[in-house]
2 protein chains.
Amino acid sequence: MIKKKISIKDIAKLTGTSITTVSFVLNGKGRISKEISKKILDVAQKNGYEPNRMAVGLRTGVSKVIGLIVENIGGPFFGEMAKVIEEEAEKDGYRIIYCSTNNNLQKGKDMIRMLSQQLVDGYIITPMKGLEKEIRSLVDNEKPVVLIDGYFPGMDIPHVLVNNYESAYAAVSCFVKSGYKNIGMVTANLELVQLNDRSAGFKAALKDHGLKDNSKMVFKVPYDMSKADGVTAIKEFIGRQKRMDALFFTTNYLGTMGLQAIRDLGLDIPGDLAVISFDDNEIFNLYPPGITTIQQPTYEIAKSAIDILMEQINNHKLDASKIDLQIPSKLIERGSTRAKVTA
Amino acid sequence: MIKKKISIKDIAKLTGTSITTVSFVLNGKGRISKEISKKILDVAQKNGYEPNRMAVGLRTGVSKVIGLIVENIGGPFFGEMAKVIEEEAEKDGYRIIYCSTNNNLQKGKDMIRMLSQQLVDGYIITPMKGLEKEIRSLVDNEKPVVLIDGYFPGMDIPHVLVNNYESAYAAVSCFVKSGYKNIGMVTANLELVQLNDRSAGFKAALKDHGLKDNSKMVFKVPYDMSKADGVTAIKEFIGRQKRMDALFFTTNYLGTMGLQAIRDLGLDIPGDLAVISFDDNEIFNLYPPGITTIQQPTYEIAKSAIDILMEQINNHKLDASKIDLQIPSKLIERGSTRAKVTA
DNA sequence: TTAAACAAATAAAACGTTTTACCAAATGGT
DNA sequence: ACCATTTGGTAAAACGTTTTATTTGTTTAA
């Protein structure tokens, strides 16, 4: 009982009208009498007519699909993003096609090329170093693009992300306020502007609070390290420290590895080591005594991104004021930054 | 410097050949001489020709896109799935379009309808009660479909999921082995076959181990409850129990709520209450003393699903209807099911 | 030689829309 | 009564492919 898809032509035949008339009625375009309109709509309804998206895509050049290129669709941050983006896009009748780059440059390039086969009407991309040319080319070809979670310094491509610099700064201030002065940092060995901004905010805060910037207390975990190896590396790093009483993790992922390291070392939080991690997470809420985190405004970021993209798609010209959107994070204070008890 | 997309027609003009010839060469179809072939390929290459997927889709009826309909693309389980599915599909040149139903029936129906506008070549769907008719109709129209994480009892639609019954059974056995005899269960108030199977396995195991099936020790959290309310409800439930010494959570989500409840009540794990939760997770690994979990074989499920789907898409006359793939889970034993110390 | 087979290339139809340009009939103004 | 406008409707082109059927030479078989 396979029923062939019904087309606009069939409806025309069924109602004794022309293809044009049917198309006009269905799109509310031309001027067609009430009665004919009604008849056509009835027939369309009854037969479950759905336009062939390929055909309208071919004809109009609009696919009603937007491409989402993220680091890892499976990750908590990007997954949440993806969900919001989907929900918002759907309101305008757009569907989402996605792909994960896993921070692999070639994959990113490939994806952009694939999607640009006029398959998508716009892009939301988490940028990575090396992708500048490809993305620039999209923009030059007037494809709507919004970057999330990062940007290209010096390039006027609209982007929305958390205020990384200020957030890291705030983390340090939080430590200081609670009496911690020997503050270390664990970050990733990746050339990402987000991470650089966080590091910069961290260092600036140390300086402003009159703390010495001891680079021995900064550790960069190699990105390609397995989770287990990462934990060991962090353990060794912590072990090497003499005076460190607080540790800042620039990433969700690093934070949980760090927690495991600290647990394995049998250290007390915050007695032996106060902790703050970027990216809030169920773990950080649950894990005793509660880990203070910098909560990214995932929803706002995603919402803004899709809004800006839609504006470009619809208006076709972009409001420059929205080019650099840095959304404030929220510092969630928990037990891991309880005021220090001085012995 | 907007460069218009180059088409097959342009290449024909550029090489002084015909559209057909170019198409043949590009697809390796007809019989065209070496020299002309070479010339065409060169020109295509040089101008960065990419076929217009809309046109191809319209003509051939193949979109090279598959639709993924899950409960929540942002969730850990489905997110991981999505990633694997994407990676595997890409090997065959397929892209993924996704949407989250949030267990909303109408949304699921809408999505299936939207995607069936010949936009996608196949579907991977997490089924929900009420979607039977729509999915059946897809299958009847010879659209390749694979269900994941659930199935429709009595309907011959290929599906792949974890062996829920046996997994829950194993959880009970694990409790018993460690000396826990008064075992409760927290599940969700949702008509999902996965949950029913887990409950059934749980009950059967109780029976087989000669334990009485005390339905007072089973709690169903209303699905629409907020996280906070859920935690309170679970706290109350635990508070009502007199003899319960072990608790089984049928879901990741419930497990973390449960952990919070137990922590808030100040109970010791496993001293006061042993715990097992479905769906392994970073939290369960980290949270002291480590929570025993049933780890779903996410990778295998996703891989199998996409494999089965691809086989349907390619073979076209493959009878996959009888496929019932139940993949074994792995019980990860941690501190929360340490052998009971009898007072 | 001539018909038959074959090789290389192409014309044209089709996929299902949207949209421009046009037409016929009715209406209106003077 | 006559031109101008409006109203309701349609034919046909175009979007960029794939594919069938055909054409035009060139070999081969007899």
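Just so it is clear, the structure is predicted and the values come from calculations on it, not from any experiment.

Rules used in this analysis
- Residues numbered from 1 in each chain as written.
- Chains lettered and ligands numbered in written order.
- Predicted model: local features only at pLDDT ≥ 70, side-chain atom pairs only at ≥ 80, totals over all residues.
- Heavy atoms only, no water.
- Phe/Tyr/Trp six-rings, centres within 6.5 Å; stacked < 30°, edge-to-face > 60°.
- Lys NZ or Arg CZ within 6 Å of the ring centre and 35° of its normal.
- Pairing = 2+ DSSP bridges.
- Helix = DSSP H or I, 4+ residues; strand = E, 2+ residues; numbered from the N terminus.
- Axes fitted to C-alpha atoms, helices over the stretch in contact; angles between N-to-C directions.
- Contact = heavy atoms within 4.5 Å.
- Buried area = accessible area lost by both parts, 1.4 Å probe.
- Salt bridge = Lys/Arg side-chain N within 4 Å of Asp/Glu carboxyl O.
- Polar contact = N/O pair within 3.5 Å; in protein donor to acceptor, adjacent residues only side chain to side chain.
- Nonpolar A, V, L, I, M, F, W, Y, C, P; charged D, E, K, R; others polar.
- Near = heavy atom within 4 Å.

Participant: How would you summarise the packing of aromatic side chains if you had to cite specific residues and measurements?
Facilitator: Tallied over the entire structure, the rule returns 11 aromatic pairs over all chains. With a centroid separation of 6.3 Å and an interplanar angle of 70°, the aromatic rings of B:Phe175 and B:Tyr180 are classed as edge-to-face. In this structure an aromatic cluster arises from ring pairing among A:Phe202, A:Phe248 and A:Phe278. Note that A:Arg198 overlies the ring of A:Phe278, its terminal NZ or CZ placed 3.6 Å from the centroid.

Participant: Give a detailed account of the sheet that holds strand E2 (residues 95–100) of chain A, specifying residues and quantitative values.
Facilitator: The strand order across the open sheet formed by 12 strands is E11(A)-E5(A)-E4(A)-E3(A)-E1(A)-E2(A)-E2(B)-E1(B)-E3(B)-E4(B)-E5(B)-E11(B), and the pairing between neighbours is mixed. Strand pairing shows two members of the sheet lacking a second neighbour, strand E11 (324–327) of chain A together with strand E11 (324–327) of chain B, which therefore form its edges. Adjacent strand axes in the sheet meet at a mean angle of 20° when their direction is disregarded. Across two bridges, the pairing between strand E4 (residues 145–148) of chain A and strand E5 (residues 159–162) of chain A is parallel. By the bridge assignment, A:Leu147 is partnered in E5(A) with A:His159. On the sheet, helix H6 (residues 105–115) of chain B packs against E2 of chain A together with strand E1 (65–70), strand E2 (95–100) and strand E3 (122–125) of chain B and is oriented at approximately 175° with respect to E1(B).

Participant: Before we move on, can you summarise the interface of chain B and chain A with the specific residues and values?
Facilitator: With 55 residues of chain B in contact, the opposing surface of chain A contributes 55 residues. Roughly 5300 Å² of surface becomes buried between chain B and chain A when both sides are summed, with 59% attributable to carbon and sulfur atoms. The largest per-residue losses of area from chain B upon contact with chain A belong to B:Met54, B:Tyr98 and B:Leu286, which jointly make up 15% of the total buried on that side. At the junction of chain B with chain A, the criterion picks out eight salt bridges. The shortest N-O distance in the salt bridge between A:Lys107 and B:Glu86 comes to 3.3 Å. On the surface where chain B and chain A come into contact, there are 20 residue pairs in polar contact (both at pLDDT 80 or more). At the level of elements, helix H4 (53–60), E1, helix H5 (76–91), E2, H6, helix H11 (252–265) and helix H12 (282–286) of chain B are the ones that each hand at least two residues to the side of chain B that touches chain A. Considering every element that reaches the side of chain B that touches chain A, the biggest residue donor is H5(B), with seven residues. Along the lines of polarity and charge, the residues of the side of chain B that touches chain A split into 23 nonpolar, 15 polar and 17 charged. Looking at chain direction, E2(A) and E2(B) are connected through three bridges and run antiparallel. What sits directly across from A:Ile97, in E2(B), is B:Ile97.

Participant: Could you give an account of the protein's contact with DNA strand D, with specific residues and numbers?
Facilitator: The immediate surroundings of DNA strand D are formed by 26 residues, with A:Thr21, A:Ser33, A:Ile36, B:Ile8 and B:Arg59 found nearest. Here a phosphate oxygen of DNA strand D and a side-chain polar atom of B:Asn27 are 3.1 Å apart. Take B:Asn52: an N or O atom from its main chain is 3.4 Å from a phosphate oxygen of DNA strand D. Those elements that provide at least two residues to the surface near DNA strand D are helix H2 (19–27) and helix H4 (53–60) of chain A together with helix H2 (19–27) and H4 of chain B.

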